[in-house]
Each structure stands twice: as C-alpha cells, then as structure tokens.
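Coordinate inspection notes
Below are the chains, spelled out letter by letter.
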Amino acid sequence: MQGLDGRDAQADNIAAARALSEAVKTTLGPKGLDKLLVSSDGTIVVTNDGASIVDRMEIVHPAADSIVDVAAQQDSQVGDGTTSTIVLAGALLAEAESLLETGLHQTTIARGYTLAADRVRETLSELAISVDPDDDEQLRAVARTAITGKWDREASEFLAEKTVAAVRAIERDEVVDLKRLTRKVIPGSSYYETEVVDGLVIDMDSSSTTPVSPDPDSPDTFEDATVALIDDQLTIETASGQGTVSLESPDDRHEFRKYEREVYDRYVGRITDAGTDVVFCQKSIDDTVRHLLAKAGVLAVERTRQDELEKLGRSTGATPVGTVDDLTDADTGVAHRVERRDLGATEVAIVDGGPGVDQASLLLRGGTQQVADEAKRVVDGCFHVLSRTIGEGVVVPGGGATEVALAQDLREYETDVSGREQLAIESFADALEEIPRTLAASGGLDPIDTIVELRASHHDGEQTTGLRLESESARIGDVVEAGVLQPSAVTERAIASATEAANLLVRVDEVVAVTRKDDDHGHDHDHDHSHGHGGVVEGTDGYPWALGH
Ligand code: ADP
Ligand code: MG
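Nothing here was measured: the structure is a model prediction, and the numbers come from that model.

1. Digging into the overall build of the protein
- Scanning the protein for helices and strands turns up 17 helices and 19 strands.
- Out of the 549 residues in the protein, the part that is buried amounts to 52%.
- Counted over contacts in the protein with a minimum sequence separation of 6, partners at least 24 positions apart contribute 75%.
- Split by element, the accessible area of the protein, about 23,600 Å² in all, is 46% carbon and sulfur.

Here is the structure:
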C-alpha cells in the first residue's frame, strides 16, 4: 500500500501516538508501575523511568516515533518530565479526535492549542514559587520529586541527599557547571555505598588486560602529589618502532634484554627526574615499567581515557606530553591528594586538585552493571533538575497541582477568545488534567472524584492542592507542604513539547511513503529508530512498537 490518505492517515497517526502514550502512562509518578524491558541481545532492565523506556523501545510507527523524539529532547534539555510529555501529547490527541469528529477543522484545533500553550507559559510564571538556592532541604525536595518512584522511599531519600551534596561540591556563585561533576558507575555493592568524593575518580583497571595487584611497595595516598600526564604508551614498541623482534641466538636475546632495560630505565628516569609521584598514561604501560616505577615510589596508571587526561590537566595544571622523552618538570602539575582505592573488583585513583579546583565525583554503586547504569540515568536527570533550580531559582508545585491550576485558568481565558478556537482551548484544559487523573489512578484513588475535588479546592483559591503520593496511602493535599516541587522549566517544556507534537500529528493529513519496503503494510516496519536498541515486553498487541525483535 502506498500510504493512507487524508483522514485515514491522520486517524492512523493519532491512534499510534495514543497507543504509545497509553503504554507509558502506567509508569507516571511515584506510584507508577515498573516496566520490564528486554532488548534483542537479552539484556533486561526494570525501570519506570519514562526516558529510559522510550529510549529502549523499538518504535516502528513514524507518528509514535515523532512523539518519542520530542520526549527524548525533553530528557536531554531538562532532565525530567519525559513521561508527562508523552501522556500530555496522548491526551491532547485524544481530545483532538473528538473535536475532529464534531467537525472542527484541524487547523482550528492546532491554533487553539497554540493559544492555550502560550497562555500556559504566562500563567506558569505566576504560579512559580521562588526557592532559596542555599536551602538544602528545598533542593532535596526537588531531587526527591524527580527521582521518586525509581527506587523505594529510603533509597530515593538517600540519593536525593547525595545528589544535592554533589551539586554543592561543584557549585560556585549559584552556578552549577555539570562538567565539573564526574558520574562513575561501579557495580557490585549496595546503593548505600554511593558516595560523593572531592576530585576526579579515574578507573585504574577496567580496561586493563593485565590484572592489577596493588603493589605492596607503593603507598595508597600521596599528598601534594606531582602529577605527570603522558599521551602515549610506556612499552617497548614505542622505542623500537616495531611490534616483533626476532631473537635467534642467546646473544640476540641478551642484547635485546640489555636494550629493553635501557629503554625502561630511560622511561623511569624521565618520570622520576621530573619529580613525578603519580603518572597517568593514555595507553598501556609494560609491567616492568610499572614495577620499576613502584619501586621508585611512583604510582603508574595506564589506559587513562583522553577526556580524563584533559580533566586531570585542568585539575592539576599538568600538560599532557606526547612522549615520555619530552617530559620535564615544567609539564607536571600538582594534586592536593591522590588516593588509590579498592572498590570491590574495581581499583580507582581519586585525584583531588585541592581548593579552587571544583571537581567532584559521584561514585554510584549498586547491584549489577545494568542496575547501576539505570541509576546513573536517573541521577543524571536529577543533576539537571538541581542545576536548573539553583540557576533559575523557581519551582512549581508537582503532583498535578500546577496542571489543575493551569486548566482552571484556561477555562477562564477561553471566554476571551472568540471563534471556534475556544473549543480547542477547553479541550486543552481537559487534557492537562490527564496528569492528575493518571497520578490519582496510580495511587488507587478514583480519578473522577479526585478531579472534582481538586477543581473545587483550586476554585477556592488553593493553587497548591494536588496528589500526595509520598506515603503508602495516596491522598489529596497541599503538595508544597509535602515538598513535591519541580523546576518550572520541566512543566513548561513538557507542555510546550506535547503541544508541538500533537499539533504536528493533527495537521498532517497525508502520509507520503518515500521509501517503499513492503506493499502489504501501511507502516514502515523497517523503520529503525535511532534511540531504540531493544524491544519492550508489554501486554499489548505489539502496536505501535515491535515486540521482542
Ligand atoms: P516524568 O517522566 O514526567 O518525570 P515521572 O514518572 O517522574 O515522570 O512522574 C512525574 C510526575 O510525578 C510529576 O507530575 C510529579 O510532580 C509527580 N510526583 C513526583 N513525586 C510526587 C509525590 N510525592 N506525590 C505526588 N506526585 C509526585
Ligand atoms: Mg520524573
């Protein structure tokens, strides 16, 4: 089939986007359900993080794909609000379907939605609450709101504390430059071993081919350490310029060993002459060199990534040299402290540049690599949200309170708008209430009764009434008091992006197939989504995404 025309194409697009929205909806909020994601390589991830889910889904419908793209942008720009974006887009499309049925023109709907979104932006600034950027408790509340539901309450609280501590460690004059923060995932321990350390954490052996056994000769801690950075290898190949040497006679072997020894001694000599205590090398270091260095009291770290070398340079003032023969004491830098530490199966070097060098690392522990990676995603979102809160100093009430307030405002505003767009604005208000409705349902409350109650409370001027899902029993109440706060930008971007995504699908009434792969289907099943690397196990008929490809 060439593609669908007119209304059919539009209906098909809307249906696909709505199906995606329905599937993701169950994960919204702290009481949202977890999803089990199984990718084609057999990797299994359990998560209820919207960004993580859509990132891993193998979307096969272009309309659903466009929603995913918008959601992915939300995640990369503000670090939170992904599920909300998709739920809202789905709700706007559901409303649009009804409007189309009653005969409202698609462009009228899109115009009405745009008017509503513009109004929302203005109203949001009135609903915003300023936060004191120095108030740790408020920041922890923001962090908690972003991460609740990802773990149990105790773990969320713990990680909220750690992420705030990490942000504080790198904050300067109310600016949080996340480039100063290293997130290091080290599996094999409990979450509660997660810690914030001052300085950079450099992996000493994750990619090393030789097992590292801490040399008993070299100390674990170096104070005021002279640091050298070598953007090369400390192996014999460099010197000989060839990979193999043929050694035929005992004399040859003797000669080679002599030569080898000379080269190694030269390496070590250059390094010790420069006064080095710790040397980081971008490539490998021959065992003999490491051994000789250890004997000379120098800690040698091999296979340090290029970006880490650069960070080390910034932290210590050292300049990476292209070859060890170029190394002089002018190229070295100083670290306040370098510590070698064993973290289960991983050995790391912690390099603290000292006062004035704001580098901090979050050493994220926990379970398996996948569990720890998932945790990293979530704390990354959290860092985003925290840096925004500190930078912008405003938050809005979460738990659906803001959406209810915005809906109420839109219903008033709509009477000022003449023309049929009014109907679309009314529908937009209804769509916003899908957030509290979904949160209520996840908490086991009756969605209709909840909306009625929330509207009444807001009508009485209580703009901070929403869902409180922080404890076992869900209830309606003051969300600010409960500390359910999120950066205004999360809500603003979520609504704006959902509007854009919905408008796009409402306006499009023709699908032109530019690549025809399969004449029996209207959908391009070969569509390969750039974010997707796995199928999702879901109790649906596999539409609009592929089931376990
Ligand atoms: P998203 O992908 O949008 O971040 P989440 O699953 O994180 O989706 O859900 C976010 C929603 O949950 C927001 O509306 C937020 O205000 C709300 N929320 C977070 N914590 C609470 C809480 N303790 N009580 C009620 N709602 C909460
Ligand atoms: Mg969230």
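2. Some details on the packing of helix α13 (residues 401-413) against helix α14 (residues 421-432)
- Contact geometry for α13 and α14: axes closest at 8 Å, N-to-C directions at 170°. As judged from the angle between their axes, α13 and α14 are roughly antiparallel. In the crossing of α13 with α14, the sense of the turn from one axis to the other is left-handed. Counted together, E403, L406, A407, L410, R411 and Y413 of α13 and I425, E426, F428, A429, D430 and L432 of α14 form the full contact between these two elements.
- For the contact of α13 with α14, the residue count by class is eight nonpolar, no polar and four charged.

3. Let's talk about the site of ligand 1
- Neighbouring residues of ligand 1: 21 residues in total, closest D80, T83, S84, G399 and Q486.
- Take G399: an N or O atom from its main chain is 2.7 Å from an oxygen atom of ligand 1.
- Within the residue set of the shell around ligand 1, elements represented by two or more residues are α4 (82-101) and β16 (465-468).
- Looking at which element gives the most residues to the shell around ligand 1, the answer is α4, with three residues.
- When the residues that make up the shell around ligand 1 are grouped by side-chain class, the tally is six nonpolar, 11 polar and four charged.

4. Brief notes about the confidence of the model for the protein
- The pLDDT averaged across the protein works out to 85; a share of 87% of its residues lies at or above 70.
- For residues 545-549, every residue scores under 50 in pLDDT, and the model assigns this stretch 23 contacts once sequence neighbours within four places are set aside.

5. Comments concerning the sheet that holds strand β3 (residues 129-130)
- Reading across the sheet, the three strands line up as β3-β15-β18 and stay open at both edges, with antiparallel pairing between neighbours. Sheet topology places β3 and β18 (485-487) at the edges, where each strand pairs with a single neighbour.
- Relative to β18, strand β15 (residues 394-397) is paired through three bridges, and the arrangement is antiparallel. By the bridge assignment for β18, V395 is matched with P487.
- Each of β15 and β18 touches helix α6 (residues 136-147); the most contacted strand, β18, lies at about 90° to it.

6. Focus on the pairing of β15
- Alignment of β3 against β15, held across two bridges, turns out to be antiparallel. Of the residues in β15, the one forming a bridge with S130 is V394.

7. Notes on the environment of S488
- By the secondary structure assignment, S488 is in helix α17 (residues 488-507).
- Measuring from C-alpha to C-alpha, the distance between S488 and V395 comes to 4.8 Å, with 93 residues separating the pair along the chain.

8. Considerations on a nonpolar patch on the surface
- A cluster of nonpolar side chains, contributed by L36, I44 and V46, occupies part of the molecular surface with about 250 Å² of accessible area.
- Within the secondary structure, I44 is located in strand β2 (residues 44-47).
- Look at I44 and you get partly exposed, because its relative accessible area is 45%.

9. A look at the environment of A141
- Looking at the secondary structure, you find A141 in helix α6.
- Residue class for A141 comes out buried when judged on its relative accessible area of 4%.
- For the pair formed by A141 and V484, sequence separation is 343 residues and the distance between their alpha carbons is 6.5 Å.
- In this structure, A141 is in contact with G483 and L485, ignoring residues within four places of it in sequence.

10. Describing the packing of aromatic side chains
- Inspection of the entire model under this criterion finds four aromatic pairs.
- When the ring of F256 is compared with that of Y259, the centres are 6.1 Å apart and the planes differ by 45°; the resulting orientation is tilted. Of this pair, F256 and Y259 both sit in helix α9 (residues 250-273), three residues apart, which is roughly one turn of the helix.
- Its relative accessible area of 16% is what places F256 among the buried residues.

11. Here's the deal with α9
- Taking 1.5 Å per residue, 24 residues should reach 34 Å; α9 reaches 34 Å between its end C-alpha atoms and fits that length.
- Three or more residues of α9 are buried, namely F256, V263, Y264, Y267, V268, G269 and I271.
- One or two steps after α9, the chain reaches G275, where phi turns positive at roughly 80°.

12. Description of the packing of helix α15 (residues 434-442) against helix α16 (residues 447-459)
- Between α15 and α16, whose axes approach to 9 Å, the crossing angle comes to 130°. Regarding the angle of α15 to α16, the classification is oblique. By crossing handedness, the relation of α15 to α16 is classed as right-handed. Residues P436, R437, A440 and A441 of α15 form the contact with α16, whose own contacting residues are P447, T450, I451 and L454.
- Taken together, the residues of the contact of α15 with α16 sort by class into six nonpolar, one polar and one charged.

13. A short note on α4
- With 20 residues, α4 extends 29 Å between its outermost C-alpha atoms, agreeing within 8% with the 28 Å of an ideal straight helix rising 1.5 Å per residue.
- Buried residues dominate α4, accounting for 15 of its 20 residues.

14. Let's talk about unusual backbone geometry
- The residue E174 is not glycine, and still its phi comes out positive at about 60°.
- By secondary structure assignment, the location of E174 is in the loop between β4 (171-172) and β5 (175-176).
- For D224, which is not a glycine, the phi torsion comes out positive at approximately 40°.
- Structurally, D224 is set in strand β9 (residues 221-230).
- We classify D224 as exposed; its relative accessible area is 53%.

What counts, and at which threshold
Residues numbered from 1 in each chain as written. Chains lettered and ligands numbered in written order. Predicted model: local features only at pLDDT ≥ 70, side-chain atom pairs only at ≥ 80, totals over all residues. Heavy atoms only, no water. Helix = DSSP H or I, 4+ residues; strand = E, 2+ residues; numbered from the N terminus. Buried < 20%, exposed > 50% of the residue type's maximum accessible area, 1.4 Å probe, protein only. Contact = heavy atoms within 4.5 Å. Areas by Shrake-Rupley, 256 points an atom, 1.4 Å probe, with all protein chains shown as cover. Axes fitted to C-alpha atoms, helices over the stretch in contact; angles between N-to-C directions. Parallel < 35°, antiparallel > 145°, perpendicular 65-115°, else oblique. Left-handed = near helix turned anticlockwise from the far one by under 90°. Nonpolar A, V, L, I, M, F, W, Y, C, P; charged D, E, K, R; others polar. Near = heavy atom within 4 Å. Polar contact = N/O pair within 3.5 Å; in protein donor to acceptor, adjacent residues only side chain to side chain. pLDDT = per-residue confidence, 0-100. Pairing = 2+ DSSP bridges. Patch = residues over 30% accessible without salt bridge, like charges linked within 9 Å, V, L, I, M, F, W, Y side chains within 5 Å. Salt bridge = Lys/Arg side-chain N within 4 Å of Asp/Glu carboxyl O. Phe/Tyr/Trp six-rings, centres within 6.5 Å; stacked < 30°, edge-to-face > 60°. Expected span 1.5 Å × (residues − 1).

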